[in-house]
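Given next are the chains, with one letter for each unit.
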Amino acid sequence: MSTFTITPEQVSQFSEDGYLMARGLFDAEQMELLFKIGKADQEKAHKVSAAVDTEGRESKLWLTADTDREDIYNGFVRCHRIVDTMEAVLHDEVYLYHYKMMVKEARVGGAWEWHQDYGYWYGNGCLYPDMGSCMIAVDGATKANGCLQVLRGSHKLGRVDHGTYGTQTGANPERIEEISKHLELVYCEMEPGTALFFHANTLHRSDANNSDDPRWTLICCYNTRSNPCNDLPGHPSYSPLEKWPDERIKEIGRRQLAETS
Ligand SMILES: O=C(O)CCC(=O)C(=O)O
């Protein structure tokens, strides 16, 4: 399979913008395996929980920090093309903080309010915002089905005050209004297999899904080794992450799919 190595220009772009889009980071077979296994996964379906948006709609996800299994999710969260990229943009060794499937179903999936992930993770005792996420499109993500939106360069603002909006942790709306006058709003439309790396202080949100198309994304979140953090369920403190060759995604995925079908 093809290799992916982030270039120095892309590292600079991440430092400037607070995010980096890697189009086609994963190929069609990798994505078909994740799609089929993820959508049929009854164990994870039972773990789905909802955060309610300000309109009362449910934004659903499952989240885990489980690294004990040799499954397709671990194939993704441990793969070099994600972990090496994250280490390059965060300038440190990273470990897995958790991973989650954002389950934005057609017609019913709710919105995510403006926030920084560090708005959530600050409360977990993470001392620095030196953390990041990689969002992988499982379905195509478009404006119509509620793709991620980011404010370009917002990671440079530092941590914005957060409160509770619906049942979500959200950034202060007056502050967002002011920031929006100055920073560009970018809709991150993504084909399946495209990945978006973004900094923990990058302001982001997404609309509710009013379309007929589901919008599932797998988000792999990492903390840096030198960032002290409380050891909480689903939000662990440092333990080394063994990286796996990218080829393992297909090896594991083919086996897992055969076992489950
Ligand atoms: O799935 C989305 O649209 C938003 C996800 C998000 O904001 C998050 O996980 O921090």
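Basis of the calculations
- Residues numbered from 1 in each chain as written.
- Predicted model: local features only at pLDDT ≥ 70, side-chain atom pairs only at ≥ 80, totals over all residues.
- Helix = DSSP H or I, 4+ residues; strand = E, 2+ residues; numbered from the N terminus.
- Rg over C-alpha atoms; globule rule 2.2 N^0.38 Å.
- Buried ≥ 20, exposed ≤ 12 C-beta atoms within 10 Å, placed from the backbone.
- Near = placed C-beta within 6 Å.
- Nonpolar A, V, L, I, M, F, W, Y, C, P; charged D, E, K, R; others polar.
- Pairing = 2+ DSSP bridges.
- Axes fitted to C-alpha atoms, helices over the stretch in contact; angles between N-to-C directions.
- Core = buried A, V, L, I, M, F, W, Y, C linked by C-beta atoms within 7 Å.
- Contact = placed C-beta atoms within 7 Å.
- Left-handed = near helix turned anticlockwise from the far one by under 90°.

Engineer: So what about the overall build of the protein chain? Which residues, and what values?
Structural biologist: Each helix and strand counted, the protein chain has 8 helices and 13 strands in total. The C-alpha radius of gyration of the protein chain comes to 17 Å, within 12% of the 18 Å expected for a compact globule of 261 residues. C-alpha extents for the protein chain along the principal axes are approximately 50 × 40 × 35 Å. By residue count, 43% of the 261 residues in the protein chain fall in the buried class.

Engineer: Requested: an account of the site of the ligand, with residues and values cited.
Structural biologist: What surrounds the ligand is the set Met102, Trp112, Asp117, Leu148, His204, Ser206, Thr217 and Ile219. Counting residues per element, the ones that place at least two in the shell around the ligand are β12 (204-206) and β13 (215-224). Looking at the shell around the ligand, its residues break down into 4 nonpolar, 3 polar and 1 charged.

Engineer: A description of unusual backbone geometry should follow, citing residues and the corresponding values.
Structural biologist: The phi torsion at His91 lies on the positive side, around 60°, for a residue other than glycine. Mapped onto the elements of the fold, His91 is located in the loop between α5 (80-90) and β4 (94-104). Of note, the phi angle at Arg107 is positive, near 70°, even though the residue is not glycine. As for its position among the elements, Arg107 is in the loop between β4 and β5 (112-115). Take Arg107: there are 12 C-beta atoms within 10 Å of it, and that puts it in the exposed class.

Engineer: Can you explain the sheet that holds strand β10 (residues 185-188)? Please cite residues and give values.
Structural biologist: One key point about sheets: their strands pair by backbone hydrogen bonds, in either a parallel or an antiparallel sense. Read from one edge to the other, the open sheet built from 4 strands follows the order β5-β12-β7-β10, with strand pairing classed as antiparallel. Every other strand in the sheet has two partners, leaving β5 and β10 as the edge strands with one partner each. Here the strands of the sheet are splayed against their neighbours by 25° on average, with no regard to which way each runs. In this structure, strand β7 (residues 148-151) lies alongside β12, joined through 3 bridges in antiparallel fashion. If you follow Leu148 over to β12, its bridge partner there is Ser206.

Engineer: Outline the nonpolar core, supporting the account with residue identities and numerical values.
Structural biologist: Counting 60 residues, the largest nonpolar core has Phe76, Phe197 and Cys220 as the members making the most contacts within it. Residue contributions to this core peak at 8 residues, all from β4.

Engineer: Mind laying out the sheet that holds strand β11 (residues 195-199), listing which residues take part and the relevant values?
Structural biologist: Pairing is antiparallel in the open sheet, where 7 strands are placed in the order β1-β11-β6-β13-β4-β3-β2. Of all strands in the sheet, those bounded by a partner on one side alone are β1 (19-22) and β2 (49-52). Across the sheet, the mean angle from the axis of one strand to that of its neighbour is 25°, orientation sign disregarded. Bridge count between strand β6 (residues 131-137) and β11: 5 bridges; the pairing is antiparallel. The partner of Gly132 across the bridge, within β11, is His199. In the packing of helix α1 (residues 8-17) onto the sheet, the strands contacted are β1 and β11, and the crossing angle to β1 comes to about 135°. Running at roughly 140° to β6, α5 makes contact with β1, β4, β6, β11 and β13 of the sheet.

Engineer: Go over the packing of helix α2 (residues 28-40) against helix α8 (residues 248-260) with me, naming the residues and quoting the values.
Structural biologist: Close contact between α2 and α8 brings their axes to 10 Å; oriented N to C, the two are set at 40°. Here α2 runs over α8; the crossing is left-handed. Contacts between α2 and α8 involve Glu29, Gln30, Leu33, Leu34, Lys36, Ile37 and Ala40 on the former and, on the latter, Ile249, Lys250, Gly253, Arg254, Gln256, Leu257 and Thr260. For the contact of α2 with α8, a count of residues per class yields 6 nonpolar, 4 polar and 4 charged.

Engineer: Outline the environment of Thr7, supporting the account with residue identities and numerical values.
Structural biologist: Structurally, the position occupied by Thr7 is in the segment before α1. Sequence separation between Thr7 and Tyr165 is 158 residues, and the spatial gap between their C-alpha atoms is 39 Å.

Engineer: Can you lay out the environment of Leu25 for me, pointing to particular residues and giving the numbers?
Structural biologist: Position of Leu25 among the secondary structure elements: in the loop between β1 and α2. The class for Leu25 is buried, based on 23 C-beta atoms found within 10 Å. Linking Leu25 and Tyr122, residues 97 residues apart in sequence, is a C-alpha distance of 30 Å. In contact with Leu25, not counting residues within four places along its chain, are Phe4, Arg81, Gly193, Thr194 and Ala195.

By themselves, these observations are geometric and do not establish any function.
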